[in-house]
Amino acid sequence: MAASGSGNGFNLFDAEERVLAEAVTLCDRLGDADPGLRRGVETLAEAYRRSVREQRRLVKVSDRLQHQLASVNQELAKRKAEAEEALARLKEAQETLVQTEKLASLGALVGGVAHEINTPVGIALSCASHLADATIHMRKLFEADDIGVDDFERYMETAADTTQLILANCERAAALIRSFKQVAVDRTSSERRRFDLASYIGETLASLKPRIRQAGHQVRIDCPPGLMVDGYPGALSQVLTNFVMNSIVHGYDEDQSGQLSITVDEPGPGQVRLVYADDGRGIAEEHRTRIFDPFFTTRRGAGGTGLGLHIVYNLVTGPLEGQLSVDSETDRGTRFTLVFPRQASGGEPSLT
Ligand SMILES: Nc1ncnc2c1ncn2[C@@H]1O[C@H](COP(=O)(O)OP(=O)(O)OP(=O)(O)O)[C@@H](O)[C@H]1O
Ligand SMILES: [Mg+2]
């Protein structure tokens, strides 16, 4: 067969037709001279004719198949375009969802902050008004030249108590506002640079040394020397500070000394894994899923705002572009694992 599937099988068999015509002519020329030879040639010609017919049929089948294949391809291309469009729409929807989610969590946060700040501000306000009333009363007594020693002593006591309460509550409100500012982590406001991870962890821990020593704990840092990271050191320092402060505040009893550790390795190319651990009392199971929620604290009223780990979570998943997980069991210590890229996205890559 000369060719197949060209779509115009018509001319494909010219040569074969010519051979067949020659066979017929040959038979005619043979006449009855040699019937045996003539029969042989006729049988051969017939077999050849059948083969040509079969070939024609095959070409037709092949043409039809090609045709079908082309339309299947066309259909596939259409479906692919549809799938790509659906994917693009899905991505858009996902982004909108993420934005909505961010807004919702910001709304919840603002609501929470307002609620949290309400208490100290309310207490300060009622203390101030109590002091104002007492002062008015004192002035009246003073103007009437009727102040007794008792009156004066009572007034001094009220003034001392209320001012102390006003101060403490204003301080608490100020601390809440400070934490809230930190929550709104803005990637552009924190400085991005290239830094040596081991040295930076060392520097951060050095600044926390007095608190750690005072609490009687030990720290072990195990980080490959010379490991360079291109990212946001300020964010990392805040994360570590929160971990350490939490261990000090929540991890141990007053007289208990513990072992804190920071271990760094590279789980894959371009990835950094930082494991922070203490060997303290751990986090109760029912609290473990809530520790990253804003305002979740087991020390409400004792200085805890419950924003620490929420800030940590925002910093890790925001500027550090990483993932954070916690592993803890009652009395078995607490371990936070952070995995983030050595090179933050955006900007010129500075690491080789
Ligand atoms: N190392 C730890 N050991 C035991 N419990 C912990 C530890 N770290 C965190 N927790 C628990 O997780 C809770 C939430 O921690 P988070 O840092 O968010 O808030 P906080 O420390 O209570 O308050 P803030 O950090 O805002 O002053 C803590 O109240 C505590 O119960
Ligand atoms: Mg904390």
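Calculation rules
Residues numbered from 1 in each chain as written. Chains lettered and ligands numbered in written order. Predicted model: local features only at pLDDT ≥ 70, side-chain atom pairs only at ≥ 80, totals over all residues. Helix = DSSP H or I, 4+ residues; strand = E, 2+ residues; numbered from the N terminus. Buried ≥ 20, exposed ≤ 12 C-beta atoms within 10 Å, placed from the backbone. Near = placed C-beta within 6 Å. Nonpolar A, V, L, I, M, F, W, Y, C, P; charged D, E, K, R; others polar. Pairing = 2+ DSSP bridges. Axes fitted to C-alpha atoms, helices over the stretch in contact; angles between N-to-C directions. Parallel < 35°, antiparallel > 145°, perpendicular 65-115°, else oblique. Left-handed = near helix turned anticlockwise from the far one by under 90°. Contact = placed C-beta atoms within 7 Å.

Concerning the overall build of the chain
Right, so step 1: The helix and strand inventory of the chain stands at 7 helices and 7 strands.
Right, so step 2: When the helices and strands of the chain are read in sequence order from the N terminus, they spell out α-α-α-β-α-β-β-α-β-β-α-α-β-β.
Right, so step 3: Each of the 352 residues in the chain was classed as buried or not, and the buried ones make up 18%.

Observations regarding the site of ligand 1
Right, so step 1: The immediate surroundings of ligand 1 are formed by 25 residues, with N246, T297, G304, G308 and L309 found nearest.
Right, so step 2: The set of elements that each furnish at least two residues to the shell around ligand 1 consists of helix 5 (233-251) and helix 7 (308-317).
Right, so step 3: Ranked by residues supplied to the shell around ligand 1, first place goes to helix 5 with 6 residues.
Right, so step 4: Class assignment for the residues of the shell around ligand 1 results in 6 nonpolar, 16 polar and 3 charged.

A short note on the sheet that holds strand 5 (residues 271-278)
Right, so step 1: What the 5 strands build is an open sheet, ordered 2-4-5-7-6; its pairing is mixed. Each edge of the open sheet carries a strand with a single partner, namely strand 2 (218-222) and strand 6 (323-328). For this sheet the average axis-to-axis angle between neighbouring strands, irrespective of direction, equals 10°.
Right, so step 2: In this sheet, strand 4 (residues 259-265) lies alongside strand 2 in parallel orientation, the contact comprising 5 bridges. Bridge pairing links V219 to L260 in strand 4.

As for the packing of helix 4 (residues 197-215) against helix 5
Right, so step 1: Where helix 4 meets helix 5, the axes come as close as 10 Å, and the angle between the chain directions of the two elements is 20°. Comparing their axes, helix 5 and helix 4 come out roughly parallel. Here the hand of the crossing between helix 4 and helix 5 comes out right-handed. Where helix 4 approaches helix 5, its residues Y200, I201, T204, L208, R211, I212 and A215 are matched on the opposing element by P233, L236, S237, L240, T241, V244 and I248.
Right, so step 2: Split by residue class, the contact of helix 4 with helix 5 holds 10 nonpolar, 3 polar and 1 charged.

Shape is all these values report; function is a separate question.
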